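What follows is each chain in one-letter form.
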Amino acid sequence: MASFGWKRKIGEKVSRATSQQFEAEAADEEDLAADDDANWVHATKRRKEILLEDCVKKSKELKDEGADLAENSRYREAILKWDEALQLTPEDATLYEMKSQVLMSLHEMFPAVHAAEMAVRRNPRSWDAWQTLGRAQLGLGEIALAIRSFQVSLHIFPMNPEVWKEDLSWARKLHEQQKATKTESVQALVKEKELAQEPIPDYDFESDEIVAVCAAIAEKEKALSAAKTVVIVSASGTVETVTEKDNCPTTPDETLFIRAR
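Keep in mind it's a predicted model, so treat the numbers as computed, not measured.

Novice: Got a minute to help me understand the pattern of salt bridges in this structure?
Specialist: Between side chains of opposite charge, a pair can form as their charged atoms come close. Tallied over the entire structure, the rule returns 9 salt bridges. Between Asp64 and Lys60 there is a salt bridge, and its shortest N-O distance comes to 3.2 Å. Of this pair, Asp64 and Lys60 both sit in helix H1 (residues 16-71), separated by 4 residues, roughly a single helical turn. Overall, Asp64 belongs to the partly exposed group, its relative accessible area being 35%. For Arg76, the salt bridge identified is with Glu108, shortest N-O distance 2.5 Å. In this pair, Arg76 sits in helix H2 (residues 75-88) while Glu108 sits in the loop between helix H3 (93-105) and helix H4 (109-122), placing the two residues 32 residues apart along the sequence. Taking relative accessible area as the criterion, Arg76 reaches 48% and is therefore assigned partly exposed. Each of the salt bridges in this network shares a partner with another, and the network as a whole consists of Arg135, Glu162 and Asp167.

This is the structure in structure tokens:
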């Protein structure tokens, strides 16, 4: 039987020229593959850029359409347009800020505050977003938070007269009124509590004055109970009140009068 030994490496039988040619062809193929990969990456990146540009363009169109609807008081339709735009550009703080203004016009304060908060998160440097947030918080009754939002808006844009003269001054006035109302309520509660805790006067029911008053009331009641009053109605309809006494039990003739009680 033939015995098997270790196989020789194939490269030992290949000439150096053939090996070099093979290596050169392999290098060319690698370069082509690298070029193909680079082209694919570039094409993918370009497609993403085009898609993003299309999203931004479409979002702007929807934003403008919503603004036109809002100016014509078609608030619900405007919100639908802006929600559609937010699906394309979810980081657009202006869309949230505009949506918050419309929600306040619809007196939906909780969603308005939420939309304004989203605008501030997207763009903390937007003074108008902070102003809208303050107005929404003011409509919700959160006066202290509204004052803070207006102050941040002024910190970003100190030369804004609207926030300084209208929003912030009005919020501070409401805050002072709220503090005065709370103070009056607390004072009323304290006064009511003090009145409730006042002790009952300790009357001396065995004093001579109290005994004399009780005796006089008893005598008066006794005199009233001794006299009996009867209402007599005559046949002609005349009403007469007769007082009966124990020592004078006689009454008018019953044929002429009818005893009522």
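Novice: Explain H3 here, please?
Specialist: Side chains three or four residues apart in an α-helix point the same way, a direct result of the helix having 3.6 residues per turn. Its 13 residues give H3 an end-to-end C-alpha distance of 19 Å, which sits within 8% of 18 Å, the value for a rise of 1.5 Å per residue. For H3, the buried fraction is high: 10 of the 13 residues fall into the buried class. Within H3, the full set of buried residues consists of Ala93, Leu95, Tyr96, Glu97, Met98, Lys99, Ser100, Val102, Leu103 and Met104. The opening residue of H3, the one whose side-chain oxygen lies 3.1 Å from the backbone nitrogen of Thr94, is Asp92. Of the residues trailing H3, His107 is marked for its positive phi of about 60 degrees.

Novice: Before we go on, may I ask you to explain the environment of Trp127 in this structure?
Specialist: Structurally, the position occupied by Trp127 is in helix H5 (residues 127-139). Exposure remark for Trp127: the relative accessible area of 28% places this residue in the partly exposed category. Note: C-alpha distance between Trp127 and Phe150 (23 residues apart in sequence) is 8.7 Å. Not counting residues within four places of it along the chain, the set of residues in contact with Trp127 comprises Ser153, Ile156, Phe157 and Asn160.

Novice: How should I be thinking about the packing of H3 against H4 in this particular structure?
Specialist: In a pair of packed helices, the angle between the axes and the distance between the axes together describe the arrangement. Put simply, H3 and H4 touch, their axes get as near as 8 Å, and they point 160 degrees apart. Comparing the axis directions of H3 and H4 gives the class roughly antiparallel. Seen from above, H3 lies across H4 with left-handed handedness. Listed contacts from H4 to Ala93, Tyr96, Glu97, Ser100, Leu103 and Met104 of H3 are Met109, Pro111, Ala112, Ala115, Ala116, Met118, Ala119 and Arg122. For the contact of H3 with H4, the class distribution of residues is 11 nonpolar, 1 polar and 2 charged.

Novice: What am I meant to see in the packing of H3 against H5 here?
Specialist: Interaxial distance between H3 and H5 falls to 10 Å at its minimum, and their mutual angle equals 25 degrees. In terms of their interaxial angle, H3 and H5 are classed as roughly parallel. Pair H3 / H5 crosses with left-handed handedness. Residue-level contacts link Glu97, Ser100, Gln101 and Met104 of H3 to Asp128, Ala129, Thr132, Arg135 and Ala136 of H5.

Novice: Is there a simple way to explain the packing of aromatic side chains in this structure?
Specialist: Here the distance between the centres and the angle between the planes together describe a pair of aromatic rings. Scanning the model with the defined rule gives 1 aromatic pair in all. Pairing Trp127 with Phe157 gives two aromatic rings, centres 5.3 Å apart and planes at 50 degrees, and the pair type is tilted. Of this pair, Trp127 sits in helix H5 while Phe157 is found in the loop between helix H6 (143-156) and helix H7 (161-196), placing the two residues 30 residues apart along the sequence. Taking the relative accessible area as the measure of exposure, Phe157 reaches 32% and is therefore partly exposed.

Novice: Before we go on, may I ask you to explain the UniProt feature "repeat: TPR" (unreviewed entry) in the chain in this structure?
Specialist: Per the UniProt record, "repeat: TPR" (unreviewed entry) is found at residues 59-92 and 127-160. Between the first and last C-alpha atoms of residues 59-92 the distance is 9 Å; the span itself is 79% helix and 0% strand. Within residues 127-160, the helical portion is 79% and the strand portion 0%, while the C-alpha atoms at the span's ends are 9 Å from each other.

Conventions adopted
Residues numbered from 1 in each chain as written. Predicted model: local features only at pLDDT ≥ 70, side-chain atom pairs only at ≥ 80, totals over all residues. Heavy atoms only, no water. Salt bridge = Lys/Arg side-chain N within 4 Å of Asp/Glu carboxyl O. Helix = DSSP H or I, 4+ residues; strand = E, 2+ residues; numbered from the N terminus. Buried < 20%, exposed > 50% of the residue type's maximum accessible area, 1.4 Å probe, protein only. Expected span 1.5 Å × (residues − 1). Polar contact = N/O pair within 3.5 Å; in protein donor to acceptor, adjacent residues only side chain to side chain. Contact = heavy atoms within 4.5 Å. Axes fitted to C-alpha atoms, helices over the stretch in contact; angles between N-to-C directions. Parallel < 35°, antiparallel > 145°, perpendicular 65-115°, else oblique. Left-handed = near helix turned anticlockwise from the far one by under 90°. Nonpolar A, V, L, I, M, F, W, Y, C, P; charged D, E, K, R; others polar. Phe/Tyr/Trp six-rings, centres within 6.5 Å; stacked < 30°, edge-to-face > 60°. UniProt positions renumbered as here; feature names shortened; annotations may be inferred.

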